[in-house]
Amino acid sequence: MGEGFSLDFSILGCRFMQYALLAGLLGGIACSLIGVFVVTMSLSFIGVAIAHAAFAGALCGALLGFNPQLGSLLFSLAAAAVIGPLADRGEFNPDTPIGIVFSATMGLAFLFMGLLPGPKTQALELLWGSILTVTTSGVVLLAGVAVLILLPVLLFFKEIQAVIFHREIALAVGIPANIIFYGLLFLTGTAITASLPSIGGLLVYNLILNPAAAAYQLTYNLKRMFFLAGLFGVVSCWAGLALSYLFNLPSGATIVLVSVAIFILCSLFSPKRKVKQWRREFRGRGDQAIL
């Protein structure tokens, strides 16, 4: 058994593994910080639509012969530009225009995949991702996006907290809530674009949602939530990378499954479950007292 699971730490000296670890660190931080916004502001479906738009854009780039990440960025920003105003309109339930954008980008993604000539190798790479093949430019892009997301959180934390608590009230007291909301959509698109080669188009959104949802199970404090989400995101990437290397598994899928396992553990040991149970018991006793 020891021979079957022996670790060769010399692999850490290889450049591709160093790049993979850096990508896991930066991508885990970037995606999970965005995830806190997505979870606390109930924007899950918006994130899914932008993620699929990014995947469709990457396939469009592969089909037309330009950089897939550029196509991913353009499509994700276009989706955000469409979703944002439509979601703000009172004539629609926000889920309606988001669902239309989601279905359109899904259709485009499969259309572009079908039109790709020859073997679908590049399409499959964009679909599943491979953190072990991240290049220098990919790491630099992830670093830039991580800084781009981290800086507003540090500089405008109080304003962001107010928008998360209640967007309309924040707007009423003079906070540029709409700018923050559209900035969030923009940052979601950039985080997905930067993480697409390592995690994959169908899985990248799970890395945004799962660590943040796990952190949300453990605390009500927003600062602590950002910290825990970033920690869980990095742990998911590094543990998934280690498991994929040890057992020859697809890296993107393994990373996402580790993040799911972290969420399940946090849900099982969540102090919020006890609070909800106490509230139910208190209400039950109150009802009995009235009767």
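Predicted model only: the values in this text are computed from it and were never measured.

Draft legend 1. Fine view of the overall build of the protein chain. In terms of helices and strands, the protein chain carries 13 helices and 0 strands. Counting over 291 residues, the protein chain shows a buried share of 45%. With the model as given, the accessible surface of the protein chain reaches about 15,000 Å², and the carbon-plus-sulfur share is 70%.

Draft legend 2. Quick peek at the side chain of Thr193. Its place among the elements puts Thr193 in helix α9 (residues 177-199). The class for Thr193 is buried, based on a relative accessible area of 5%. Setting aside residues up to four positions removed in sequence, Thr193 forms contacts with Gln69, Ser72, Leu73 and Ser76.

Draft legend 3. Main features of helix α6 (residues 136-155). Taking 1.5 Å per residue as the helical rise, α6 with its 20 residues ought to reach 28 Å, and the 29 Å between its terminal C-alpha atoms agrees with that figure. Turning to α6, its buried residues are Gly138, Val139, Leu142, Val145, Ala146, Ile149 and Val153. Down the axis of α6, the buried side of the element spans an arc of 130°, and every buried residue falls inside it. Turned more than 90 degrees away from the buried face of α6 sit Ser137, Val140, Leu154 and Leu155, all of them exposed. Against the buried residues of α6 lie α1 (15-40), α7 (157-165), α9 and α11 (222-247).

Draft legend 4. A look at the packing of helix α2 (residues 44-64) against helix α10 (residues 204-218). Between α2 and α10, the shortest axis-to-axis distance is 9 Å and the interhelical angle comes to 155°. By the criterion of interaxial angle, the relationship of α2 to α10 is roughly antiparallel. Considering only the axes of α2 and α10, their crossing is right-handed. Counted together, Ser44, Gly47, Val48 and Ala51 of α2 and Val204, Tyr205 and Leu209 of α10 form the full contact between these two elements.

Draft legend 5. Examining the packing of aromatic side chains more closely. Following the criterion strictly, the structure yields 4 aromatic pairs and no others. Taking the centre distance of 6.3 Å and the plane angle of 65° together, the rings of Phe157 and Phe226 count as edge-to-face. On the criterion of sequence distance, the pair formed by Phe157 in helix α7 and Phe226 in helix α11 is long-range, its members being 69 residues apart. By the ring-pair criterion, three or more aromatic residues cluster together here, those being Phe37, Phe157 and Phe226. The lysine or arginine in question, Arg167, covers the ring of Phe181, its NZ or CZ lying 3.9 Å from the ring centre.

Draft legend 6. Expanded view of the nonpolar core. Of all hydrophobic cores here, the largest spans 86 residues; its most connected members are Ile34, Ile46, Leu59, Ile149 and Phe226. No other element matches α1, which puts 13 residues into this core. With residues up to four places along the chain from it excluded, the contact list for Ile149 reads Ala30, Leu33, Ile34, Leu187 and Ala191.

Draft legend 7. Quick peek at a nonpolar patch on the surface. A surface patch of nonpolar side chains, amounting to about 590 Å² of accessible area, comprises Val147, Leu150, Leu151, Leu154, Leu155 and Phe156. By relative accessible area, Leu151 is classed as partly exposed at 42%.

Parameters and conventions
Counting restarts for each chain, with residues numbered from 1 along the sequence as it is written. The predicted nature of this model means local features are confined to residues of pLDDT at least 70 and side-chain atom pairs, given and counted, to a pLDDT of 80 or more, with totals for whole chains, interfaces and linings taken over all residues. Water and hydrogen atoms play no part in the side-chain values, which are based on all heavy atoms of the structure. Put simply, DSSP marks the helices as runs of H or I at least four residues long and the strands as runs of E at least two long, and each gets a number from the N terminus on. Only protein chains enter the calculation, and the probe is 1.4 Å; a residue is then buried if its accessible area is under 20% of its type maximum, exposed if over 50%, and partly exposed in between. Accessible surface is estimated by sampling points in the Shrake-Rupley manner with a 1.4 Å probe; for residues, cover comes only from the protein chains shown. We call two residues in contact when some of their heavy atoms are within 4.5 Å. Expected helix span is given by 1.5 Å per residue-to-residue step, counting one fewer step than there are residues. To be clear, the arc concerns the directions from the helix axis to the C-beta atoms. An axis is simply a line fitted to the C-alpha atoms; with a helix, the fit covers only the stretch in contact. Between two such axes, the angle follows the N-to-C directions and lies from 0 to 180 degrees. Here the word oblique covers every angle except those under 35 degrees (roughly parallel), over 145 (roughly antiparallel) and from 65 to 115 (roughly perpendicular). The crossing is said to be left-handed when, going from far helix to near helix, the turn is anticlockwise and less than a right angle, and right-handed when the turn is clockwise. Each Phe, Tyr or Trp ring, with Trp reduced to its six-membered ring, pairs with another whose centre is within 6.5 Å; inter-plane angles below 30 degrees give stacked pairs, above 60 give edge-to-face pairs, and intermediate values give tilted ones. Should the NZ of a Lys or the CZ of an Arg lie within 6 Å of a ring centre and within 35 degrees of the ring normal, that charge is described as sitting over the ring. The term nonpolar core refers to a set of buried residues drawn from Ala, Val, Leu, Ile, Met, Phe, Trp, Tyr and Cys, joined through side-chain atoms within 4.5 Å. By definition, no residue in a patch forms a salt bridge, and every one has over 30% relative accessible area; like charges are joined within 9 Å, nonpolar side chains (Val, Leu, Ile, Met, Phe, Trp, Tyr) within 5 Å. Salt bridge, as applied in this entry: a Lys or Arg side-chain nitrogen positioned within 4 Å of an Asp or Glu carboxyl oxygen.

Without other data, these values stay purely geometric and don't point to any function.
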